[in-house]
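Reading the structure
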Amino acid sequence: MSTEQRKDYDSANFDLLATELESRFHDGVAMPWTETEFERRSLKAFAHQFDYCSPYRAFCERRGITPGTVAGWEEIPAVPATAFKYFDFVSAPTRDDSAVFQTSGTTRGHEARGCHHIPRLSLYRASLLPPLEAALLSGLPEPMRFLSLVPDPKGVPESSLSYMVGAAAERYAAQTDWLVDAEGNFDEARLSSVLEVVHDANEPVLVLGTALAFLHVLDRSDLRLGPLPDGSRIMETGGFKGARRTISREELYQRISLETQVSTERIVNEYGMTELLSQLYEPVLTEGLDAVGVHLAPPWLRVRALDPTTLHRLPEGEDGILAFFDLANLGSICHVLTEDIGSVAEGRVRLRGRVPGSEPRGCSRAMDDLMAAAGSVR
Amino acid sequence: MTPADVTRLAEGLIRAGEALRTRTSSEIAETLGRVGERFLGAQDPIRTAALKALPTTAGLSPEMARATLDGMARDWTRPRLKRLLEIEFGDPSSLDGLVDGGNRTEMAIGPTLCAQFVAGGVPGVSVSALIRGLLVKGPTFVKPGRGDETLPTLFERALREEDAEVADALAVRYWRGGSTLLDDALLAAADTVTAYGSDATVQALRARLPPATRFVGYRHRVSIGVIGRGALSTGFAARTANDVAAAVGMFDQRGCVCPQAVYVEEGGGVSPSEFARELARASVDFEVEFPSGPLAAEEAAAVHQLRGNAELHEGVGAGHVDHGGSTGTWTVIFEPEVMEGPSGLSRAIRVRPIDDVVQLAELLRPIGAHLQTVGVAGLGDRLRALAPAWGRLGASRVVPFREVAFPPPWWLHDGRGPLRELVRWVEMRSD
């Protein structure tokens, strides 16, 4: 469903808000934001998005909610994450510093891929760097070499993950090796020569990749990913969405650790989605293995676990449907209701994976995949 | 349970088959019917136990659990089972020995061991399945689906009280889907395997079978509804909506017979859009009488995605949506154009307008291979031309909405005779 953009809109307001946010993001993740500050910024963001993004405005008005009626940020309507597949949520004019990211979207068969419009990439850059630095690069005397199992953003401009790794590499890496091409193929020769160089240099490196990419290396008897020098770190992300095989996270990390000689408290899980520009990380590097299963959000992203029936906020620690209010999403929609289940306590998010071996109930099947090709009724 | 346990049980069942084959099919129908009737007996401890356990094990409200049990068990009674035998075989004694059929002298041979892997969701499907196996004198090993363990287990218990010899030929055991070693132990012992479930489940089981094993797969299906102008007069539309709401809401829409979309013809007294509003009203009524069961968080999350997307579409002028909010899981979406989007499968129905139902066959082509039941209203004489066209696409059942949820025991399950699927024939000519 495409959306007419408001050509007449003066983008000054958006730029003002974005500039303020970028500046606050630069202050880093160590200091929590006050509720007052988050509230103030989120209400401003809502007023802007309500004004600019017409499908969102209609959605809010249908619920009788306008910037004039909301008392707090929690009352701001959250759009379903899957709606990014069907609606172009754009809250600022497109310009040179813009991008459109797409989800890989393979979990539901042939459905459309989700699109996230990023009118101002500098805001994404500003939001992604400090959490990544805190979770992966703390206590480093010198820049590390990056070994990326995520494709170079030059080849996949539609990937928000590639953009993230690219931006982080540009900012922090001593040198970056892109070991996987845009189609997901490993550059095997490069991988082995890089490993040799890394081994000889004996300087710690940071390896970044999806669970699937790591699994691919581990399953191939002719590919090696280690041993890596002491002090090396690993960022793993992505899970197994749409993949045919799954192994437990514990097994995966043990196998990565065995292969690379990087201890499991130096393997950091990143949790992100194309629909949200901010990421969450497991703080294992700073807090040790007690932090496994816990994800930290930056201060400009608030996560709530909601009652599955009423969508009211649940008490601390209770499992519910996760909703994210991400100020980095200023250029699209900040408040996103996901299908992910988890709990939140003291600002820490615990994700609950799907129950292993759980069976879908019944012999009935959603007909939407099948109908997708059916086209219009009239 | 270990694979060795499964093998041992299966061997016991195969031995019990000898005694089972000495009984006539009519006797077996009598026995099974007597057991089935206990699920309807007001004071019967079997019914009491079923009604007590079902809301928890099946995740249905007590009211819906009762309606489901009543609807299912109605078909487990003596008259219904005897009728099933007659409809399937003409002369049921062809299961007991050679019968002179006019052109051929023939006999129907049931399985040596019938292994049944049943999907969960709708409680009672496992019982209907095991009845089929036993009726054709096949010792039967049922692995019910998650959420459908209660009724077959109670049936097994009641059968033992009624007739230990027949009960010896039945085993009901649950294990988690994907327990390959247990599955394989059972597959190795059976000569007939039935599987209910997703395409992937059915395919995985079939792929592991030796070539000589008979396989009956009931894979994923979708059902729809079609409403012609004849059922859309101002006086009639409310009744039609009530029937549709019941077909959608029964078993909280977990049955493959439950419609997921209804096509409503233009030009009736009530427009498709108005009919969707009427259906919302009927869904509220149905929710009051038969509350929806609790949803798992993941299921609820899918419902919120469905509703949110529909609200967004409504906002941009593409249809409209009504839903039960936090008081009911039902959702009625009127979509003038097919919209992609998640389906909650928790009493969610899409209402789509169509100029003339004749156009439907072409429209349904993409889902033909998965099409099962077409619920109908207001099509009158036109059905005789429409049903064959839908049948050619893949539909196996065209029935009024009121009959959608509970097909009779002799229904052509996915297009095939439910008992005839389980037997093979031997013919004889004297020398």
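Everything below is about the structure shown above.
We now turn to the structure provided with this report. Because the structure is predicted, anything quoted here is derived from the model rather than measured.

Quick word on the sheet that holds strand 6 (residues 192–196) of chain B
Residue and element names in this part refer to chain B. Here we have five strands laid out as an open sheet, ordered 5-4-3-6-7, and parallel in their pairing. Each end of this open sheet is capped by a strand with a single partner; those strands are strand 5 (170–172) and strand 7 (214–218). When strand polarity is set aside, the average angle formed by the axes of neighbouring strands in this sheet is 10°. Pairing geometry for strand 3 (residues 114–117) and strand 4 (residues 140–143), over four bridges, is parallel. By the bridge assignment, Q116 is partnered in strand 4 with V142. Most of the contacts of helix 10 (residues 199–207) go to strand 6, to which it runs at about 160°, and overall it touches strand 3, strand 6 and strand 7.

Observations regarding helix 13 (residues 297–315) of chain B
All names here are of chain B. An ideal rise of 1.5 Å per residue puts 27 Å on 19 residues; helix 13 measures up with 27 Å between its terminal C-alpha atoms. For helix 13, the buried fraction is high: 16 of the 19 residues fall into the buried class. Note on helix 13: the residue one or two positions beyond its end, G317, has a positive phi of about 85°.

As for the packing of helix 11 (residues 237–249) of chain B against helix 12 (residues 272–289) of chain B
Two quantities define a packed helix pair, namely the angle between the helix axes and the distance between the axes. Residue and element names in this part refer to chain B. Contact pair helix 11 / helix 12: the axes reach a minimum separation of 8 Å and the direction vectors enclose 60°. As far as their axial angle goes, helix 12 and helix 11 are oblique. The two elements helix 11 and helix 12 cross, and the hand of that crossing is right-handed. Residues A237, A238, A241, N242, V244, A245, A246 and G249 of helix 11 form the contact with helix 12, whose own contacting residues are F275, E278, L279, R281, A282, S283, D285 and F286. Of the residues assigned to the contact of helix 11 with helix 12, the class counts are 10 nonpolar, three polar and three charged.

Quick look at the packing of helix 3 (residues 45–58) of chain B against helix 4 (residues 62–73) of chain B
Residues and elements named next belong to chain B. For the pair helix 3 and helix 4, the least separation of the axes is 9 Å and the interaxial angle reads 115°. When the interaxial angle is binned, helix 3 and helix 4 end up roughly perpendicular. As for how helix 3 packs across helix 4, the hand of that crossing is right-handed. For the pair helix 3 and helix 4, the contacting residues are A50, L51, L54, P55 and A58 in the first and P62, A65, R66 and L69 in the second. Along the lines of polarity and charge, the residues of the contact of helix 3 with helix 4 split into eight nonpolar, no polar and one charged.

So, how was this worked out
Residues numbered from 1 in each chain as written. Chains lettered and ligands numbered in written order. Predicted model: local features only at pLDDT ≥ 70, side-chain atom pairs only at ≥ 80, totals over all residues. Pairing = 2+ DSSP bridges. Helix = DSSP H or I, 4+ residues; strand = E, 2+ residues; numbered from the N terminus. Axes fitted to C-alpha atoms, helices over the stretch in contact; angles between N-to-C directions. Contact = placed C-beta atoms within 7 Å. Expected span 1.5 Å × (residues − 1). Buried ≥ 20, exposed ≤ 12 C-beta atoms within 10 Å, placed from the backbone. Parallel < 35°, antiparallel > 145°, perpendicular 65-115°, else oblique. Left-handed = near helix turned anticlockwise from the far one by under 90°. Nonpolar A, V, L, I, M, F, W, Y, C, P; charged D, E, K, R; others polar.

Bear in mind that shape data such as this cannot, by itself, settle questions of function.
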